[in-house]
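Observations on the model geometry
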Protein chains: 2
Amino acid sequence: MHGTDRRPEAIPAFAGSRIDRVDHVRTNPDLLAASFADPAARLLLLDGLEPVERDGHLVLEPLAPDARVDDHVLLGIDPAERPIFARLVTDLGPGLLPTARSRSIADLVPADEVALYGTARSLVHWHARHRFCSVCGAGTVPVKAGWSRKCGDCGAEHFPRTDPVVIMLAEHRGRVLMGRQHGWPEGRYSALAGFVEPGETIEEAVAREMFEEAGVLVHSVRYVMSQPWPFPSSLMIACIAQADDDTLTLDATEIDHAFWCDAQGVRAALAEEEGAPFIAPPPMAVARHLLAHWLADVAPADASA
Amino acid sequence: MHGTDRRPEAIPAFAGSRIDRVDHVRTNPDLLAASFADPAARLLLLDGLEPVERDGHLVLEPLAPDARVDDHVLLGIDPAERPIFARLVTDLGPGLLPTARSRSIADLVPADEVALYGTARSLVHWHARHRFCSVCGAGTVPVKAGWSRKCGDCGAEHFPRTDPVVIMLAEHRGRVLMGRQHGWPEGRYSALAGFVEPGETIEEAVAREMFEEAGVLVHSVRYVMSQPWPFPSSLMIACIAQADDDTLTLDATEIDHAFWCDAQGVRAALAEEEGAPFIAPPPMAVARHLLAHWLADVAPADASA
């Protein structure tokens, strides 16, 4: 609701939420009960973890008459002043990995609904995988409108995870490093990426991952943008860093191939031109926006995403 | 080891690690065993979660003859080519909250040792609080040199948490918003902060927290720097955002008081001048560096941290 990017067409998928997360309602049982009893309240329908779309929108239904608030997470209040809930499930079924349906949702519904779906997916997934206390092994129950879980035995409180991931371009004399993992569609290349670990800054994580995966030493890391990525619950932190040397030493277990690509090649890839040196990541991926950002910086006149 | 900041005096505490995390050793049992058997290998001594300092350095000891690799986490290889381990514990005792000792370690040992301690503290804490599987409640055991835990029953793999937190200054006509929480030392003010939630970008989290805690709508969020914060395992993401209006509506449960402070006031606070409008956060806090960064931007000539 209070997003800061004023160019919604420029934001990556799953960003651009217009929901008010109403933290004060989560922690107030009376306000929460009133929201759940509100005739305007709606359930965001999910099929396991998959989105359900109809006529270009996510499906929102009235809450069932026998629904219990404790089985739901309050996602927030939408721009139409409707409290929006998602139902918690105990069994995710086989659907832990994103399907074509969840990956294509960004093409089917407006950006703020994509963001709503992403939030719901991350939370429903987290609850289903945290039914037991990691401290003592006893059962946990949802509290605070589904924004945490509490152990019924030792009392430990557990909060939803958000795992920071760095995704970055190394830049060297007007070219950027494009890499591909094993098993990706033929020709597809993207920015390198990896989880931020305890005890390191974003900048240190960028440098470590770039060295581990490609043998490239980088410095002068520049933050570009971020994206929530609900598979299951990452925060993608997109950066550009400077390399002093273009020698590659690839980690063969992680990286299938990598190469330095100039602005012309990146532009051709983003424009999906025939003969482009690689197939760019799809618009839902922050890596595509990162490439467009880099291109706009190095060749402003011709930039396109 | 591959950190990018070339002005170590300018980095916040717990950043500046010089350890090589050797991901390829973690996942290779033979290389891990060789590291553990290396006569140069050292144990980073901890007292519960607290640091142990002697003569201006952390205490590193040879591994005990009967030590088992499975009871340790491999922090990495230090600049002297020594594999550095920390011992996992099952009982943290009462010491979950940082004491004066852990908070003062940044004044006692070199920056890279502070970073090493922070990494160890986060990991030892995480292991002790994740002895059971959150999916099924069965016991878990450390794997991958202590960089994950695996459930002995359902096989789920669990990774150390790193919780992104936004910490930010709102800026309005040459002034920034300083706030204090209940119970802080008298006169102490800092930047506002809060956890990034699933489904939001860094920029959206900044805007949400600023609106929740102070009623201030912000836009044009600018990333400044980041810091690992090992109490227990956060990634502090420091930003500056623009406010169009300086009206405050404080969340009384979170915020005791807040006010807009001009550059002169911030400069006086950082210089610890008598009559300064507030007491600045200590050098170990990224908030102090954020204030110094803002000051250097708005009044370059007089900036000081």
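Residues numbered from 1 in each chain as written. Chains lettered and ligands numbered in written order. Predicted model: local features only at pLDDT ≥ 70, side-chain atom pairs only at ≥ 80, totals over all residues.

1. Quick notes on the overall build of chain A
When helices and strands are counted, chain A shows seven helices and 17 strands. Here the C-alpha atoms of chain A give a radius of gyration of 21 Å, agreeing with the 19 Å that 2.2 N^0.38 yields for 305 residues. Projecting the C-alpha coordinates of chain A onto the three principal axes gives extents of approximately 60 × 45 × 35 Å. Put simply, chain A has 305 residues, and 46% of those count as buried. When contacts within chain A are restricted to residue pairs at least 6 apart in sequence, those whose partners lie at least 24 apart make up 62%. (Helix = DSSP H or I, 4+ residues; strand = E, 2+ residues; numbered from the N terminus. Rg over C-alpha atoms; globule rule 2.2 N^0.38 Å. Buried ≥ 20, exposed ≤ 12 C-beta atoms within 10 Å, placed from the backbone. Contact = placed C-beta atoms within 7 Å.)

2. Here we look at the nonpolar core
Grouped together as the largest cluster of nonpolar side chains are 156 residues, with contacts concentrated most on A:I167, A:M168, B:I167 and B:M168. Discounting residues that sit within four places of it in the chain, A:I167 has contacts with A:A191, A:A193, A:M236, A:I237, A:A238, A:V286, A:A287 and A:L290. (Core = buried A, V, L, I, M, F, W, Y, C linked by C-beta atoms within 7 Å.)

3. Describing the relation of the copies chain B and chain A
Laying chain B over chain A is done by rotating through 180° and shifting 0.0 Å along the axis; what remains is an RMSD of 0.0 Å. Taken together, the rotation and translation relating the two chain copies correspond to the operation of a two-fold axis. Judged by C-alpha distance, B:G137 is the residue of chain B that lies nearest the rotation axis, at 2.2 Å. A share of 100% of the interface residues of chain B reappears at the interface of chain A, consistent with the copies meeting face to face through the same patch. (Least-squares fit on C-alpha atoms with pLDDT ≥ 70 in both.)

4. Examining the environment of A:D153
All names here are of chain A. Along the chain, D153 turns up in the loop between β10 (148-151) and β11 (157-158). On the basis of neighbour count, D153 is assigned to the partly exposed category, with 13 C-beta atoms found within 10 Å. Each C-alpha atom of the pair D153 and I84 lies 31 Å from the other, and the pair is 69 residues apart in sequence. Here D153 is in contact with C133, C136 and A138, once residues within four sequence places are set aside.

5. So, the pairing of strand β8 (residues 83-87) of chain B
Residue and element names in this part refer to chain B. Where burial is concerned, most of β8 is hidden: four out of the five residues are buried. Relative to β8, strand β1 (residues 42-44) runs parallel, the two being bridged by two bridges. What sits directly across from R42, in β8, is I84. Strand direction decides the pairing type here: strand β7 (residues 72-77) and β8, joined by five bridges, are antiparallel. Bridge assignment links H72 to a residue of β8, and that residue is R87. Two successive antiparallel strands, β7 and β8, enclose a turn made up of five residues, where E81 displays a positive phi of approximately 65°. (Pairing = 2+ DSSP bridges.)

6. Looking at the interface of chain B and chain A
At the junction of the two partners, chain B supplies 52 residues and chain A supplies 52 residues. At the level of secondary structure, the elements contributing two or more residues to the side of chain B that touches chain A comprise α4 (111-128), β12 (163-172), α5 (202-214) and β15 (218-229) of chain B. The greatest single-element share of the side of chain B that touches chain A, amounting to eight residues, is contributed by β15(B). In terms of residue class, the side of chain B that touches chain A is built from 22 nonpolar, 18 polar and twelve charged. (Nonpolar A, V, L, I, M, F, W, Y, C, P; charged D, E, K, R; others polar.)

7. A closer look at the packing of helix α6 (residues 263-270) of chain B against helix α7 (residues 286-298) of chain B
All names here are of chain B. It is at 10 Å that the axes of α6 and α7 come closest, and there the two elements cross at 135°. By the angle class used here, α6 and α7 are oblique. By crossing handedness, the relation of α6 to α7 is classed as left-handed. Counted together, A263, V266, R267 and L270 of α6 and L291, A292, L295 and V298 of α7 form the full contact between these two elements. Here the residues of the contact of α6 with α7 are counted per class, giving seven nonpolar, no polar and one charged. (Axes fitted to C-alpha atoms, helices over the stretch in contact; angles between N-to-C directions. Parallel < 35°, antiparallel > 145°, perpendicular 65-115°, else oblique. Left-handed = near helix turned anticlockwise from the far one by under 90°.)

8. Thoughts on the sheet that holds strand β7 (residues 72-77) of chain A
Residue and element names in this part refer to chain A. Taken in spatial order, the four strands of this open sheet run β6-β1-β8-β7, and their pairing is mixed. Each edge of the open sheet is held by one strand with a lone partner, namely β6 (60-62) and β7. Going from strand to strand, the sheet's axes swing by 35° on average, the running direction of each strand aside.

9. Thoughts on the sheet that holds β1(B)
Residue and element names in this part refer to chain B. Spatially, four strands are ordered β6-β1-β8-β7 in an open sheet, and the strand pairing comes out mixed. Looking along the sheet, the strands with just one partner apiece sit at the ends: β6 (60-62) and β7. The average angle at which neighbouring strand axes cross in this sheet is 35°, direction not considered.

10. Structural notes on α5(B)
Residues and elements named next belong to chain B. Here α5 contains 13 residues, and its C-alpha end-to-end distance of 18 Å stays within 8% of the 18 Å for a straight helix at 1.5 Å per residue. Most of α5 sits out of view: 13 of its 13 residues are buried. Two residues or fewer past α5, G215 is found with a positive phi of approximately 70°. (Expected span 1.5 Å × (residues − 1).)

11. As for the environment of A:S134
Note on placement: A:S134 falls in the loop between α4 (111-128) and β9 (140-143). Among the residues examined, A:S134 registers 23 C-beta atoms within 10 Å and is labelled buried. Remark: the alpha-carbon pair of A:S134 and A:P283, spanning 149 residues in sequence, is separated by 37 Å. The contacts of A:S134, once residues within four sequence positions are left out, are A:H158, B:R129, B:H130, B:F132 and B:S134.

12. Here's the deal with unusual backbone geometry
Peptide bonds are, in most cases, trans, and in most cases residues other than glycine have a negative phi. The peptide bond linking A:F231 to A:P232 adopts the cis configuration, its omega dihedral lying at 0°. By secondary structure assignment, the location of A:P232 is in the loop between β15 (218-229) and β16 (234-243). Unusually for a residue other than glycine, A:K144 sits at a positive phi of about 50°. For A:K144, the location among the structural elements is in the loop between β9 and β10. Of note in the backbone geometry, B:E81 takes a positive phi value of approximately 65° without being a glycine. By the element assignment, B:E81 lies in the loop between β7 and β8.

13. Considerations on α4(B)
One turn of an α-helix holds 3.6 residues; hence residues three or four places apart share an orientation. Spanning 18 residues, α4(B) covers 26 Å between terminal C-alpha atoms, matching the ideal 26 Å at 1.5 Å per step. The element α4(B) is largely enclosed, with a buried count of 15 among its 18 residues.

14. Quick notes on the domain arrangement of chain A
Residues and elements named next belong to chain A. Domains assigned within chain A are domain 1 (8-126) and domain 2 (163-302). The centre of domain 1, based on its C-alpha atoms, is set 31 Å off from the matching centre of domain 2. Across the boundary between the two partners, domain 1 contributes twelve residues, which contact eleven residues of domain 2. At the level of elements, α3 (100-108) and α4 are the ones that each hand at least two residues to the side of domain 1 that touches domain 2. Among the elements that make up the side of domain 1 that touches domain 2, the one with the highest residue count is α4 (five residues). For the side of domain 1 that touches domain 2, the per-class residue count stands at seven nonpolar, three polar and two charged. (Domains from an automatic or database assignment.)

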